[in-house]
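What follows is each chain in one-letter form.
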Amino acid sequence: MAARLLRIATLVAAAGAFQTPARARAPTPRRATAVDADIDAALAVCRSAAATKGEDSDDVVAALLALEKGMRAAAKASPDVSARTVEQLDGCWRLVFTTGTIDTQKKVGKINYFPLKAVQTFDVARGRISNSILVGDFPLIRFFGDFEWLMDRRRVEFDFDQIALFNFGRIDLPKGGAAKIGASTGLGSENNVKMVEESKKPFFNWISADADIATARGGGGGIALWKRDLDYAMPE
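Below is a summary of the structure that appears in this document. None of the values given here were measured: they were computed from a predicted structure.

Rules used in this analysis
- Residues numbered from 1 in each chain as written.
- Predicted model: local features only at pLDDT ≥ 70, side-chain atom pairs only at ≥ 80, totals over all residues.
- Heavy atoms only, no water.
- Helix = DSSP H or I, 4+ residues; strand = E, 2+ residues; numbered from the N terminus.
- Contact = heavy atoms within 4.5 Å.
- Areas by Shrake-Rupley, 256 points an atom, 1.4 Å probe, with all protein chains shown as cover.
- Buried < 20%, exposed > 50% of the residue type's maximum accessible area, 1.4 Å probe, protein only.
- Pairing = 2+ DSSP bridges.
- Arc of directions from axis to C-beta.
- Salt bridge = Lys/Arg side-chain N within 4 Å of Asp/Glu carboxyl O.
- Expected span 1.5 Å × (residues − 1).
- Polar contact = N/O pair within 3.5 Å; in protein donor to acceptor, adjacent residues only side chain to side chain.
- Patch = residues over 30% accessible without salt bridge, like charges linked within 9 Å, V, L, I, M, F, W, Y side chains within 5 Å.

1. Let's talk about the overall build of the protein chain
Logical step 1: Of regular secondary structure, the protein chain possesses seven helices and ten strands.
Logical step 2: Across the protein chain, every contact between residues at least 6 apart in sequence was considered, and the portion connecting residues at least 24 apart equals 55%.
Logical step 3: A total accessible area of about 13,900 Å² is found for the protein chain, and carbon and sulfur atoms account for 56% of it.

2. What about the pairing of strand E3 (residues 117–123)?
If a strand is regular, its side chains alternate between the two faces of the sheet.
Logical step 1: Counting buried residues in E3 gives seven out of seven residues, a clear majority hidden from the surface.
Logical step 2: The alternating pattern of E3 places Lys 117, Val 119, Thr 121 and Asp 123 and Ala 118, Gln 120 and Phe 122 on opposite faces, both of which are buried.
Logical step 3: Note: strand E1 (residues 91–98) against E3, four bridges, orientation antiparallel. Each residue of the ladder has a partner; that of Cys 92, found in E3, is Thr 121.
Logical step 4: When E3 meets strand E4 (residues 128–135), the two strands line up antiparallel, connected through seven bridges. Within E4, the residue paired with Lys 117 across the bridge is Leu 134.
Logical step 5: Counted between consecutive antiparallel strands, the loop separating E3 from E4 contains four residues, among which Gly 127 sits at a positive phi close to 65°.

3. Comments concerning helix H4 (residues 81–89)
Logical step 1: Buried residues of H4: Val 81, Ser 82, Thr 85, Val 86 and Leu 89, and no others. Down the axis of H4, the buried side of the element spans an arc of 125°, and every buried residue falls inside it.
Logical step 2: Those residues of H4 that are buried lie in contact with helix H3 (57–77), E1, E3, strand E5 (138–150), strand E6 (155–165) and strand E8 (203–209).
Logical step 3: Taken from the residues just after H4, Gly 91 is the one with a positive phi, measuring 130°.

4. Overview of the pattern of salt bridges
Logical step 1: All chains considered together, the criterion is met by eight salt bridges.
Logical step 2: Asp 80 is the salt-bridge partner of Arg 84, the closest N and O atoms lying 2.8 Å from each other.
Logical step 3: Residue classification places Arg 84 among the partly exposed positions, given a relative accessible area of 45%.
Logical step 4: Between Asp 146 and Arg 128 there is a salt bridge, and its shortest N-O distance comes to 2.6 Å. Separated by 18 residues along the polypeptide, Asp 146 in strand E5 and Arg 128 in strand E4 bring together distant segments of the chain.
Logical step 5: Looking at Asp 146, the relative accessible area reads 37%, which means it is partly exposed.

5. Brief notes about H3
Logical step 1: Across its 21 residues, H3 extends 30 Å between first and last C-alpha, which sits within 8% of the 30 Å expected from 1.5 Å per residue.
Logical step 2: Every buried residue belonging to H3 is among Ser 57, Val 60, Val 61, Ala 63, Leu 64, Leu 67, Glu 68, Gly 70, Met 71 and Ala 74, and all of these are buried.
Logical step 3: Where H3 begins, one side-chain oxygen reaches toward the backbone nitrogen of Asp 58, 3.0 Å away; that side chain belongs to Asp 56.

6. A look at the environment of Gly 219
Logical step 1: Within the secondary structure, Gly 219 sits in the loop between strand E9 (213–218) and strand E10 (223–228).
Logical step 2: As for Gly 219 and Glu 190, which are separated by 29 residues in sequence, their C-alpha atoms are 9.9 Å apart.

7. Focus on unusual backbone geometry
Logical step 1: One non-glycine residue, Arg 154, lies in the positive phi region at around 55°.
Logical step 2: One can find Arg 154 in the loop between E5 and E6.
Logical step 3: Here Arg 154 falls in the buried class, since its relative accessible area comes to 11%.
Logical step 4: Non-glycine residue Phe 166 carries a positive phi angle of around 55°.
Logical step 5: Of note, Phe 166 is situated in the loop between E6 and strand E7 (171–172).

8. Some words on a nonpolar patch on the surface
Logical step 1: Judged by side-chain polarity, Val 135, Phe 138, Leu 140, Leu 165, Phe 166 and Phe 168 come together as a nonpolar surface patch covering roughly 570 Å² of accessible area.
Logical step 2: Considering the arrangement of structural elements, one finds Val 135 in strand E4.
Logical step 3: What makes Val 135 exposed here is its relative accessible area of 53%.

If you want it as C-alpha coordinates, here you go:
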(Lines give C-alpha, C1' and ligand atoms only; values in the text may rest on other atoms or scores of the structure.)
Protein backbone atom coordinates (compact mmCIF):
# COMPACT_ATOMS: atom_id res chain seq x y z
CA MET A 1 0.00 0.00 0.00
CA ALA A 2 2.78 2.39 0.94
CA ALA A 3 4.58 1.56 -2.29
CA ARG A 4 1.42 2.29 -4.31
CA LEU A 5 0.96 5.69 -2.60
CA LEU A 6 4.60 6.54 -3.26
CA ARG A 7 4.18 5.69 -6.97
CA ILE A 8 1.06 7.91 -7.24
CA ALA A 9 2.87 10.81 -5.54
CA THR A 10 5.80 10.43 -7.94
CA LEU A 11 3.49 10.52 -11.00
CA VAL A 12 1.70 13.64 -9.71
CA ALA A 13 4.99 15.42 -9.13
CA ALA A 14 6.23 14.50 -12.60
CA ALA A 15 3.03 15.74 -14.23
CA GLY A 16 3.33 19.04 -12.37
CA ALA A 17 6.83 19.57 -13.74
CA PHE A 18 5.48 19.57 -17.30
CA GLN A 19 2.48 21.86 -16.76
CA THR A 20 2.27 24.98 -18.91
CA PRO A 21 3.66 27.86 -16.85
CA ALA A 22 1.20 30.52 -15.77
CA ARG A 23 0.86 33.37 -18.27
CA ALA A 24 2.94 36.39 -17.28
CA ARG A 25 0.82 39.20 -15.97
CA ALA A 26 0.66 42.09 -18.39
CA PRO A 27 2.16 45.32 -17.02
CA THR A 28 -0.41 47.71 -15.68
CA PRO A 29 -0.68 50.67 -18.04
CA ARG A 30 0.24 54.04 -16.53
CA ARG A 31 -2.80 55.99 -15.52
CA ALA A 32 -3.41 59.25 -17.28
CA THR A 33 -2.85 62.20 -14.97
CA ALA A 34 -4.04 65.76 -14.81
CA VAL A 35 -0.68 66.77 -16.31
CA ASP A 36 -1.32 64.48 -19.29
CA ALA A 37 -4.73 66.05 -19.81
CA ASP A 38 -3.24 69.56 -19.70
CA ILE A 39 -0.54 68.56 -22.22
CA ASP A 40 -3.08 67.02 -24.59
CA ALA A 41 -5.33 70.08 -24.42
CA ALA A 42 -2.42 72.45 -25.07
CA LEU A 43 -1.14 70.34 -27.95
CA ALA A 44 -4.60 70.34 -29.54
CA VAL A 45 -4.61 74.15 -29.66
CA CYS A 46 -1.05 74.24 -31.01
CA ARG A 47 -1.83 71.67 -33.72
CA SER A 48 -4.86 73.66 -34.83
CA ALA A 49 -2.84 76.89 -34.88
CA ALA A 50 -0.09 75.24 -36.94
CA ALA A 51 -2.57 73.83 -39.44
CA THR A 52 -4.89 76.81 -39.86
CA LYS A 53 -3.39 79.92 -38.23
CA GLY A 54 -6.95 80.43 -37.09
CA GLU A 55 -6.57 80.14 -33.33
CA ASP A 56 -6.70 83.33 -31.30
CA SER A 57 -3.17 84.52 -30.54
CA ASP A 58 -3.80 84.82 -26.81
CA ASP A 59 -5.12 81.25 -26.78
CA VAL A 60 -1.99 80.03 -28.54
CA VAL A 61 0.28 81.80 -26.05
CA ALA A 62 -1.71 80.33 -23.17
CA ALA A 63 -1.45 76.86 -24.73
CA LEU A 64 2.31 77.21 -25.22
CA LEU A 65 2.78 78.27 -21.61
CA ALA A 66 0.62 75.39 -20.37
CA LEU A 67 2.53 72.96 -22.58
CA GLU A 68 5.84 74.28 -21.28
CA LYS A 69 4.72 73.74 -17.69
CA GLY A 70 3.27 70.30 -18.40
CA MET A 71 6.28 69.03 -20.33
CA ARG A 72 8.62 70.23 -17.59
CA ALA A 73 6.69 68.05 -15.14
CA ALA A 74 6.57 65.14 -17.58
CA ALA A 75 10.34 65.30 -18.14
CA LYS A 76 10.97 65.16 -14.39
CA ALA A 77 8.74 62.10 -14.09
CA SER A 78 10.15 60.32 -17.16
CA PRO A 79 13.83 60.80 -18.09
CA ASP A 80 13.31 59.39 -21.60
CA VAL A 81 11.23 62.44 -22.62
CA SER A 82 14.43 64.25 -23.61
CA ALA A 83 15.67 61.41 -25.83
CA ARG A 84 12.29 61.15 -27.56
CA THR A 85 12.22 64.90 -28.14
CA VAL A 86 15.58 65.12 -29.91
CA GLU A 87 14.74 62.04 -31.97
CA GLN A 88 11.57 63.73 -33.24
CA LEU A 89 13.40 67.03 -33.75
CA ASP A 90 15.31 65.62 -36.71
CA GLY A 91 14.04 67.20 -39.94
CA CYS A 92 12.72 70.51 -41.32
CA TRP A 93 10.46 72.89 -39.42
CA ARG A 94 8.56 75.97 -40.59
CA LEU A 95 8.03 78.70 -38.01
CA VAL A 96 4.33 79.36 -37.52
CA PHE A 97 3.96 81.41 -34.37
CA THR A 98 6.29 83.34 -32.08
CA THR A 99 5.96 85.95 -29.38
CA GLY A 100 9.31 87.32 -30.52
CA THR A 101 12.25 87.88 -28.23
CA ILE A 102 11.85 90.20 -25.27
CA ASP A 103 13.92 92.77 -27.18
CA THR A 104 11.59 92.55 -30.18
CA GLN A 105 8.48 92.77 -28.01
CA LYS A 106 9.77 96.01 -26.52
CA LYS A 107 10.39 97.49 -29.97
CA VAL A 108 7.45 96.30 -32.08
CA GLY A 109 5.22 94.28 -29.77
CA LYS A 110 4.40 90.60 -30.00
CA ILE A 111 4.79 89.05 -33.44
CA ASN A 112 2.42 86.09 -33.00
CA TYR A 113 1.78 84.40 -36.37
CA PHE A 114 5.06 84.79 -38.25
CA PRO A 115 4.46 86.72 -41.51
CA LEU A 116 7.44 85.35 -43.46
CA LYS A 117 8.50 81.87 -44.50
CA ALA A 118 11.20 80.81 -42.07
CA VAL A 119 12.46 77.24 -41.98
CA GLN A 120 14.82 75.68 -39.46
CA THR A 121 16.43 72.29 -39.98
CA PHE A 122 18.08 69.83 -37.61
CA ASP A 123 20.30 67.01 -38.82
CA VAL A 124 20.56 65.15 -35.53
CA ALA A 125 22.99 62.49 -36.77
CA ARG A 126 25.51 65.12 -37.91
CA GLY A 127 24.67 67.79 -35.33
CA ARG A 128 23.99 70.35 -38.07
CA ILE A 129 21.47 73.20 -37.97
CA SER A 130 20.27 75.74 -40.54
CA ASN A 131 17.94 78.71 -40.43
CA SER A 132 16.46 80.26 -43.59
CA ILE A 133 14.18 83.13 -44.59
CA LEU A 134 12.49 82.60 -47.97
CA VAL A 135 10.06 84.19 -50.40
CA GLY A 136 8.12 81.24 -51.72
CA ASP A 137 10.89 78.72 -52.38
CA PHE A 138 13.53 81.38 -53.04
CA PRO A 139 15.99 81.82 -50.15
CA LEU A 140 16.82 85.38 -49.10
CA ILE A 141 19.23 84.50 -46.32
CA ARG A 142 20.42 81.22 -44.81
CA PHE A 143 22.58 80.44 -41.82
CA PHE A 144 24.41 77.15 -41.28
CA GLY A 145 26.17 75.76 -38.24
CA ASP A 146 26.50 73.09 -35.57
CA PHE A 147 24.32 72.28 -32.60
CA GLU A 148 24.57 70.20 -29.45
CA TRP A 149 21.69 68.60 -27.56
CA LEU A 150 21.96 68.85 -23.77
CA MET A 151 19.97 65.82 -22.65
CA ASP A 152 19.40 66.89 -19.05
CA ARG A 153 17.95 70.28 -20.07
CA ARG A 154 16.27 69.43 -23.39
CA ARG A 155 18.33 72.29 -24.74
CA VAL A 156 19.79 72.98 -28.18
CA GLU A 157 22.98 75.06 -28.06
CA PHE A 158 24.08 76.20 -31.50
CA ASP A 159 26.54 78.33 -33.40
CA PHE A 160 26.20 79.50 -37.01
CA ASP A 161 29.51 79.64 -38.86
CA GLN A 162 28.33 80.22 -42.45
CA ILE A 163 25.86 82.45 -44.27
CA ALA A 164 24.41 82.38 -47.80
CA LEU A 165 22.65 85.33 -49.43
CA PHE A 166 20.07 84.54 -52.10
CA ASN A 167 21.32 81.55 -54.12
CA PHE A 168 24.99 82.44 -53.89
CA GLY A 169 27.52 80.19 -52.19
CA ARG A 170 28.20 80.10 -48.48
CA ILE A 171 30.49 82.59 -46.79
CA ASP A 172 32.33 81.81 -43.57
CA LEU A 173 31.34 83.96 -40.60
CA PRO A 174 33.63 85.20 -37.84
CA LYS A 175 32.81 84.18 -34.29
CA GLY A 176 29.69 86.03 -33.19
CA GLY A 177 28.97 87.23 -36.72
CA ALA A 178 25.62 85.45 -37.01
CA ALA A 179 24.49 86.76 -33.62
CA LYS A 180 25.23 90.35 -34.66
CA ILE A 181 23.40 89.95 -37.98
CA GLY A 182 20.43 88.37 -36.20
CA ALA A 183 20.24 91.13 -33.61
CA SER A 184 20.49 93.92 -36.21
CA THR A 185 17.79 92.42 -38.46
CA GLY A 186 15.39 91.31 -35.74
CA LEU A 187 15.84 87.63 -36.63
CA GLY A 188 17.71 87.01 -33.42
CA SER A 189 18.12 88.34 -29.92
CA GLU A 190 20.58 90.98 -28.72
CA ASN A 191 21.08 88.61 -25.81
CA ASN A 192 22.79 86.21 -28.25
CA VAL A 193 25.48 88.83 -28.90
CA LYS A 194 26.13 89.15 -25.18
CA MET A 195 26.30 85.38 -24.80
CA VAL A 196 28.87 85.04 -27.58
CA GLU A 197 30.96 87.78 -25.98
CA GLU A 198 30.91 85.70 -22.79
CA SER A 199 31.97 82.58 -24.75
CA LYS A 200 28.49 81.11 -24.43
CA LYS A 201 26.30 79.78 -27.22
CA PRO A 202 22.77 80.86 -28.19
CA PHE A 203 20.19 78.25 -27.28
CA PHE A 204 16.62 76.99 -27.38
CA ASN A 205 15.05 75.26 -24.40
CA TRP A 206 12.97 72.72 -26.27
CA ILE A 207 9.47 72.12 -24.96
CA SER A 208 8.16 69.42 -27.28
CA ALA A 209 8.56 67.79 -30.68
CA ASP A 210 6.49 65.11 -32.37
CA ALA A 211 5.50 64.03 -35.85
CA ASP A 212 3.66 67.29 -36.58
CA ILE A 213 4.72 70.22 -34.41
CA ALA A 214 7.56 71.45 -32.24
CA THR A 215 7.70 74.11 -29.54
CA ALA A 216 10.56 75.86 -27.75
CA ARG A 217 11.61 78.91 -25.76
CA GLY A 218 14.60 80.81 -27.07
CA GLY A 219 17.45 82.30 -25.14
CA GLY A 220 15.96 85.75 -25.80
CA GLY A 221 12.82 84.83 -23.85
CA GLY A 222 10.44 84.33 -26.76
CA ILE A 223 8.33 81.21 -27.16
CA ALA A 224 7.58 79.67 -30.55
CA LEU A 225 5.66 77.03 -32.49
CA TRP A 226 6.83 75.23 -35.64
CA LYS A 227 5.14 72.75 -37.96
CA ARG A 228 7.00 69.99 -39.77
CA ASP A 229 7.78 70.89 -43.39
CA LEU A 230 8.02 67.75 -45.52
CA ASP A 231 8.56 69.73 -48.75
CA TYR A 232 11.72 71.54 -47.67
CA ALA A 233 15.02 69.88 -48.56
CA MET A 234 17.58 69.35 -45.81
CA PRO A 235 20.78 71.29 -46.66
CA GLU A 236 23.86 69.27 -47.59
